[in-house]
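# Geometric and topological summary
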Amino acid sequence: MHIKDRTFVVSGGASGLGLATAEELYANGGYVAILDMNPANGEKVIKQLGDRAKFFEVDVTESESLEAAVNGTVAWIKQTGKPMGGILPLAGVGLPAKLLDRDLNPVDMSRLNFVIDINLKGMLNTIRLLLPHMARNEPTTPDGERGVIVMVSSSAAFEGQVGQLSYAASKGAVRSMTLVLARDLAPNGIRAMSIAPSLFETAMSAALSEKVRQTLTKVTEFPKRLGNAKEFAGLARHCIENTYLNGECIRLDGGTRMPSKM
Ligand SMILES: NC(=O)c1ccc[n+]([C@@H]2O[C@H](COP(=O)([O-])OP(=O)(O)OC[C@H]3O[C@@H](n4cnc5c(N)ncnc54)[C@H](O)[C@@H]3O)[C@@H](O)[C@H]2O)c1
């Protein structure tokens, strides 16, 4: 899929991996619709990028809010005449929780739901609502490609750490969904990929203690550092541009294999 003169919808695009991806797509001539719940960051990003970017405030856990953002995006696409080339549902959160607390009480369901509702259900609903619009595109290549989905999984899909139950469940689901989406959408000329990063420098990882960061750096083979959001964005761009990539979850982790705990 060409990036220039296509519209890419990036949820979570106001920060971290989503922001770096929005910047990368914009720098390569793409139009970027940023769907995020943080209007202050979203508006700032739009100003930085320019008039090929548009911000839509959304909570991906709320269907009505998501429908409004999708309608807004589709109206913007009609206005610009730049068809939807890709869906990048990158909004996500982490919240540690074990099923049993120290007193052997079960964890409150709301703690588990918080992560699954955003990372999994929010992602599915984002794709679900945008997809009909991408599937109606005229094919863009001799292969008949109409669009691409690039999702974000995590190392936790492979080696979930202590306390990452709901996070690992949500990211493992993204990994598992990738091939199914590719298979389901093949008749529509739509590809599906996901990227599983280890720890990357973003707002999400900024809260981690120095000890945890050092341990993580130690278990990284090479290079000995956390990932850079630009490296994620570069791979997302490649997933979009390389038409033969489909149905796979690619690890982006410098050879890191997560230990049980830090
Ligand atoms: N940073 C890492 O180390 C890392 C590693 C693996 C996977 N990931 C995944 O990458 C994704 C992005 O993480 P990040 O590190 O860039 O985090 P981040 O906190 O920098 O950005 C996440 C963005 O998602 C938005 N968001 C959160 N909940 C939302 C909701 N309900 N509706 C709409 N927007 C919402 C936030 O406002 C924010 O702008 C997440 O899914 C995360 O799980 C991150």
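Summarised in this report is the structure supplied together with it. Throughout, a residue's number is its position along its own chain's written sequence, starting from 1. Residues qualify for local features only when their pLDDT is at least 70, as the model is predicted, and side-chain atom pairs are given and counted only at 80 or more; totals for whole chains, interfaces and linings, by contrast, use all residues. Excluding hydrogens and water, the side-chain values take into account all heavy atoms of the structure.

So, on to the site of the ligand. Being near a molecule or strand, for a residue, means having at least one of its heavy atoms within 4 Å of it. The environment of the ligand is made up of 27 residues, and the closest members are Ser15, Asp36, Tyr167, Phe200 and Thr202. Any pair of nitrogen or oxygen atoms within 3.5 Å is treated as a polar contact; in protein, a donor-acceptor pairing is required on top of that, and neighbouring residues in sequence qualify only through side-chain atoms on both sides. The contact in question runs from an oxygen atom of the ligand to an N or O atom on the side chain of tyrosine 167, over 2.7 Å. Lysine 171 places a side-chain nitrogen or oxygen 2.8 Å from an oxygen atom of the ligand. Strands are runs of DSSP state E lasting at least 2 residues, helices are runs of H or I lasting at least 4, and numbering of each runs from the N terminus. Taken together, the elements giving at least two residues each to the shell around the ligand come down to α1 (16–27), α5 (165–185) and α6 (203–206). Three classes are used: nonpolar for Ala, Val, Leu, Ile, Met, Phe, Trp, Tyr, Cys and Pro, charged for Asp, Glu, Lys and Arg, and polar for all others, with Gly counted as polar. For the shell around the ligand, the class distribution of residues is 15 nonpolar, 9 polar and 3 charged.

Take arginine 237: it is sitting in helix α8 (residues 229–241). Throughout, a contact is declared for two residues whenever any of their heavy atoms are within 4.5 Å. Other than its neighbours up to four places away in sequence, arginine 237 contacts Ile3, Glu24 and Asn28.

So, on to the nonpolar core. Membership of the largest hydrophobic core comes to 67 residues, with the highest contact counts inside it found for Leu88, Ile149, Phe232 and Ile240. The greatest single-element share of this core, amounting to 8 residues, is contributed by helix α4 (residues 109–135). Among all residues touching phenylalanine 232, those that are not within four sequence positions of it are Leu17, Thr21, Leu90, Val152, Ile195, Pro197, Phe200 and Leu252. Residues belong to a common nonpolar core when they are buried Ala, Val, Leu, Ile, Met, Phe, Trp, Tyr or Cys residues joined through side-chain atoms within 4.5 Å. Only protein chains enter the accessibility calculation, which uses a 1.4 Å probe; a residue whose area is less than 20% of its type maximum is buried, one above 50% is exposed, and one in between is partly exposed.

Our focus in this paragraph is the pattern of salt bridges. The term salt bridge refers to a pairing of a side-chain nitrogen on Lys or Arg with a carboxyl oxygen on Asp or Glu at a separation within 4 Å. Under the counting rule described, the total for this entry stands at 12 salt bridges. Where aspartate 5 meets lysine 4, a salt bridge forms, and the shortest distance between an N and an O atom there is 3.5 Å. Residue classification places lysine 4 among the exposed residues on the basis of a relative accessible area of 54%. When the shortest N-O distance is used, the salt bridge between aspartate 117 and lysine 121 registers 3.5 Å. With aspartate 117 and lysine 121 both in helix α4, this residue pair falls 4 residues apart, about one helical turn. When salt bridges with common partners are traced through the structure, they connect Glu159, Arg251, Asp253 and Arg257 into a single cluster.

Quick look at helix α3 (residues 63–80) now. Taking 1.5 Å of rise per residue, 18 residues should cover 26 Å, and α3 covers 25 Å from first to last C-alpha, within 8% of that figure. The complete set of buried residues in α3 reads Leu66, Ala69, Val70, Thr73, Val74, Trp76 and Ile77. The arc enclosing the buried residues of α3, seen along the axis, measures out at 160°, which places them on a common side. Facing away from the buried surface of α3 by more than 90 degrees, the exposed residues are Glu64, Asn71, Lys78 and Gln79. Downstream of α3 by a residue or two, glycine 81 has a phi angle that is positive, lying close to 75°. For a helix, the expected span equals 1.5 Å multiplied by the number of residues minus one. The arc in question is traced by the directions running from the helix axis to the C-beta atoms.

Let us look at the pairing of strand β1 (residues 7–11). Counting buried positions over the 5 residues of β1 gives 5, a clear majority of the element. Neither face of β1 is open: one carries Thr7, Val9 and Ser11, the other Phe8 and Val10, and all of them are buried. Sheet analysis places β1 next to strand β2 (residues 31–36), joined by 5 bridges and oriented parallel. Paired with threonine 7 across the two strands is tyrosine 31, which belongs to β2. Crossovers are marked right-handed if the path from the first strand over the helix to the second runs clockwise, as seen with the strands pointing away from the viewer. The parallel pair β1 and β2, bridged by α1, forms a crossover whose chirality is right-handed. Where β1 and strand β4 (residues 84–89) come together, 5 bridges link them in parallel fashion. In this description, strands pair whenever DSSP reports at least two bridges between them.

In this scheme Phe, Tyr and Trp rings, the latter by its six-membered ring, pair at centre separations within 6.5 Å, and the angle between planes marks the pair as stacked below 30 degrees, edge-to-face above 60, and tilted otherwise. Evaluation of the coordinates by the stated rule reveals 1 aromatic pair. Judged by centre distance (6.1 Å) and plane angle (50°), the rings of tyrosine 31 and tryptophan 76 are tilted. Of this pair, tyrosine 31 sits in strand β2 while tryptophan 76 sits in helix α3, and the two are 45 residues apart along the sequence. When its relative accessible area of 6% is taken as the criterion, tryptophan 76 is described as buried. Whether a charge sits over a ring comes down to the Lys NZ or Arg CZ being within 6 Å of the ring centre and within 35 degrees of the ring normal. For the cation-ring pair, arginine 52 lies above tyrosine 26, with the distance from its terminal atom to the ring centre recorded as 3.9 Å. Its end group placed over the ring of phenylalanine 158, arginine 251 keeps NZ or CZ at 4.2 Å from the ring centre.

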